[in-house]
Amino acid sequence: METKDVIFELRTKNGLSQDELAEKVFVTRQAVSRWETGETVPNTETLKLLSKFFDVSINTLLGSPRKLICQCCGMPLDDSSISKEQDGAFNEEYCKWCYTEGKFTYTSLEELTDFLVEHMSSENWPPEQARAFFESQLPNLSYWKQQKK
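So, a few notes on the structure that sits alongside this text. (Residues numbered from 1 in each chain as written. Predicted model: local features only at pLDDT ≥ 70, side-chain atom pairs only at ≥ 80, totals over all residues. Heavy atoms only, no water.)

**What to know about the side chain of Gln71**
Along the polypeptide, Gln71 turns up in the loop between α5 (58–61) and β1 (82–84). On the basis of relative accessibility, which here comes to 17%, the residue Gln71 falls in the buried class. A polar contact of 3.1 Å, which involves the side chain of Gln71, links it to the backbone nitrogen of Ser142. Setting aside residues up to four positions removed in sequence, Gln71 forms contacts with Glu93, Tyr94, Leu141, Ser142, Tyr143 and Trp144. (Helix = DSSP H or I, 4+ residues; strand = E, 2+ residues; numbered from the N terminus. Buried < 20%, exposed > 50% of the residue type's maximum accessible area, 1.4 Å probe, protein only. Polar contact = N/O pair within 3.5 Å; in protein donor to acceptor, adjacent residues only side chain to side chain. Contact = heavy atoms within 4.5 Å.)

What follows is the structure in structure tokens.
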């Protein structure tokens, strides 16, 4: 879906006119109209306001061009699982289980690996296989790379 369609859908789903949305994000009705026709795309600051107002990520507003994964546990991210900062802004780097209100849940790679193996292994994916997978993949995520420094 393109940005113009996402904004139109969010606006109409919330029962707002172009004027009402413009007022909420401090732009003109004409600006909203240009977004919805695809003439322009909101600037970065306006995307942040729209994200907060509609409670969707900037990635969603832009038509989900990137496939986001948590940079701590590797879980695919969508608007229901993306973490938020203390001010309510989305943090598109982490899931809400690894990072909540400005704080990380896991302090060591071993702690996260143990948790994932306990909850993700199954009859078809034995604990040893799950552990080997997580031990090979998790260190490649940016959170764990930063921890090594």
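**Some words on the nonpolar core**
In terms of nonpolar packing, the biggest core is built from 21 residues, with Cys70, Cys72, Cys73, Cys98, Leu112, Leu138 and Trp144 touching the most fellow members. Other than its neighbours up to four places away in sequence, Cys98 contacts Cys70, Cys72, Cys73, Lys103, Phe104, Thr105 and Tyr106. Counting residues in hydrophobic clusters, the runner-up holds 15 residues, among them Leu10, Leu47, Leu50 and Phe54. (Core = buried A, V, L, I, M, F, W, Y, C linked by side-chain atoms within 4.5 Å.)

**Overview of the packing of aromatic side chains**
This model, assessed by the stated rule, comprises 11 aromatic pairs. Between Tyr94 and Phe104, the ring centres sit 4.9 Å apart and the planes meet at 90 degrees, which makes this aromatic pair edge-to-face. One end of the pair, Tyr94, is in strand β2 (residues 90–95); the other, Phe104, is in strand β4 (residues 103–104), and 10 residues separate them in sequence. Look at Phe104 and you get partly exposed, because its relative accessible area is 32%. Consider the rings of Phe133 and Phe134, whose centres lie 5.4 Å apart with planes at 70 degrees: the pair is edge-to-face. (Phe/Tyr/Trp six-rings, centres within 6.5 Å; stacked < 30°, edge-to-face > 60°.)

**Describing helix α6 (residues 109–120)**
Because an α-helix packs 3.6 residues into every turn, residues spaced three or four apart end up facing the same way. If you check α6, its first and last C-alpha atoms are 16 Å apart, about what 12 residues at 1.5 Å a residue would give, namely 16 Å. Looking only at α6, the buried set comprises Leu112, Thr113, Leu116 and Val117. Down the axis of α6, the buried side of the element spans an arc of 130 degrees, and every buried residue falls inside it. With respect to the buried face of α6, the exposed residues turned more than 90 degrees away are Glu110 and Glu118. Where the residues of α6 are buried, they touch α7 (127–137) and α8 (142–148). (Expected span 1.5 Å × (residues − 1). Arc of directions from axis to C-beta.)

**Regarding unusual backbone geometry**
Phi at Phe26 takes a positive value of approximately 60 degrees, unusual for a residue other than glycine. Relative to the helices and strands, Phe26 resides in the loop between α2 (18–24) and α3 (29–37). One non-glycine residue, Asp55, lies in positive phi territory at about 60 degrees. Tracing the backbone shows Asp55 in the loop between α4 (44–54) and α5. Relative accessible area serves as the criterion here: at 42%, Asp55 is assigned to the partly exposed category.

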